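Structural overview for review
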Amino acid sequence: VSRARILPAVEAYADKVVAGNLCAGALAQIAQDRANGYRLLIASASYRLYVEPIARRLGFDDVIATDHFTQGVDYIRAKIAGENCYDIAKLRMIQDWMAAQGIARGEAHVRAYSDHVTDAPMLSFADEGHATNPHTPLRKLALARGWPIYHW
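In this report, the structure presented in the accompanying data block is examined. (Residues numbered from 1 in each chain as written. Predicted model: local features only at pLDDT ≥ 70, side-chain atom pairs only at ≥ 80, totals over all residues. Heavy atoms only, no water.)

As for the overall build of the chain
- When helices and strands are counted, the chain shows six helices and six strands.
- Compactness check: the chain gives a C-alpha radius of gyration of 16 Å against a globular reference of 15 Å for 152 residues, within 12% of the reference.
- C-alpha extents for the chain along the principal axes are approximately 45 × 35 × 30 Å.
- Classification of the 152 residues of the chain by burial places 36% in the buried group. (Helix = DSSP H or I, 4+ residues; strand = E, 2+ residues; numbered from the N terminus. Rg over C-alpha atoms; globule rule 2.2 N^0.38 Å. Buried < 20%, exposed > 50% of the residue type's maximum accessible area, 1.4 Å probe, protein only.)

Okay, structure coming up:
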C-alpha cells in the first residue's frame, strides 16, 4: 500500500485512539511528567507508522517502535524490519537510542511505565519502574520488586 493511500487511515486511527482509548490517569501522568521537565519517549512493539502520530498528539518528544520492512520508502508492507520492539529487544533499542542521543545512563534519571511483564527488562533498567493496569504476571513481579502499581 502506498503511504499516500494509507496515511489518512493512520491519522484517523490516531485520532480515534487519543479520543477514546486512553486512561485519564495516563494522560494526567504524561502531563505531570512533561511539567516536571522529563523528556517523553514512547517505546512500543506496535508499528512506528501509527505510534508516531499518536505520540505527536500526546506531546511525546521521541518514539522507538517496531519498524516495517519498507520504512522510508513509498510502499508499506507489514513485515518487521530488524527486531520487534519487545521484551529485551525493547531495552536494547532504548539503550541504543540513548547512546545515539548522547545520553549517558549514569547521568540520566529514567522513569518507565508498562502494563505487561514482557517489559520487565525495561522496568528493571529504569530508576523508577511503574506497573500500570498490570496483568497478573506483572502485578506479581511489581509486588516482588517494589514497583508502584497504578490502576488508571
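Description of the sheet that holds strand β1 (residues 41–47)
- Strand order in the open sheet formed by three strands is β1-β2-β3, and the pairing between neighbours is mixed. At either end of the open sheet lies a strand with only one pairing partner, and these are β1 and β3 (80–81). (Pairing = 2+ DSSP bridges.)

Quick look at the sheet that holds strand β6 (residues 149–150)
- Strand order in this open sheet of three strands is β4-β5-β6, and the pairing throughout is parallel. Every other strand in the sheet has two partners, leaving β4 (111–114) and β6 as the edge strands with one partner each.
- When β4 meets strand β5 (residues 128–132), the two strands line up parallel, connected through four bridges. The residue bridging Tyr-113 from the neighbouring strand is His-130, located in β5.

Points about the side chain of His-68
- Tracing the backbone through its elements, the reader meets His-68 in strand β2 (residues 62–68).
- Excluding residues that lie within four positions of it along the chain, His-68 makes contacts with Arg-3, Tyr-47, Leu-49, Ile-76, Arg-77, Lys-79, Ile-80 and Ala-81. (Contact = heavy atoms within 4.5 Å.)

Remarks on the nonpolar core
- Counting 20 residues, the largest nonpolar core has Ile-64, Ile-94, Met-98, Val-110, Leu-123, Phe-125 and Trp-147 as its most contacted members.
- Elements supplying a minimum of two residues to this core: α4 (88–101), α5 (120–125) and α6 (136–145).
- Those residues in contact with Val-110 that lie beyond four places of it in its chain are Met-98, Arg-105, Phe-125, Ala-126, Asp-127 and Glu-128.
- Ala-14, Leu-40, Ile-54 and Leu-58 belong to the second largest nonpolar core, which has six residues in total. (Core = buried A, V, L, I, M, F, W, Y, C linked by side-chain atoms within 4.5 Å.)

Considering the pairing of β2
- Taking burial as the measure, the seven residues of β2 include six buried ones, the bulk of the element.
- Looking at chain direction, β1 and β2 are connected through five bridges and run parallel. Within the sheet, the bridge partner assigned to Ile-42 lies in β2 and is Val-63.
- With helix α3 (residues 48–58) bridging β1 and the parallel β2, this β-α-β connection has right-handed handedness.
- Summarising the sheet, β2 and β3 pair through two bridges and their orientation is antiparallel. Within β3, the residue paired with Asp-67 across the bridge is Ala-81. (Right-handed = clockwise from strand over helix to strand, strands pointing away.)

Some words on the environment of Arg-48
- Among the secondary structure elements, Arg-48 is positioned in helix α3.
- Distance in space between the C-alpha atoms of Arg-48 and Asp-67 is 5.6 Å, their sequence separation being 19 residues.
- At 3.3 Å, the side chain of Arg-48 and the backbone oxygen of Val-63 are in polar contact.
- At 2.5 Å, the side chain of Arg-48 and the side chain of Asp-67 are in polar contact. (Polar contact = N/O pair within 3.5 Å; in protein donor to acceptor, adjacent residues only side chain to side chain.)

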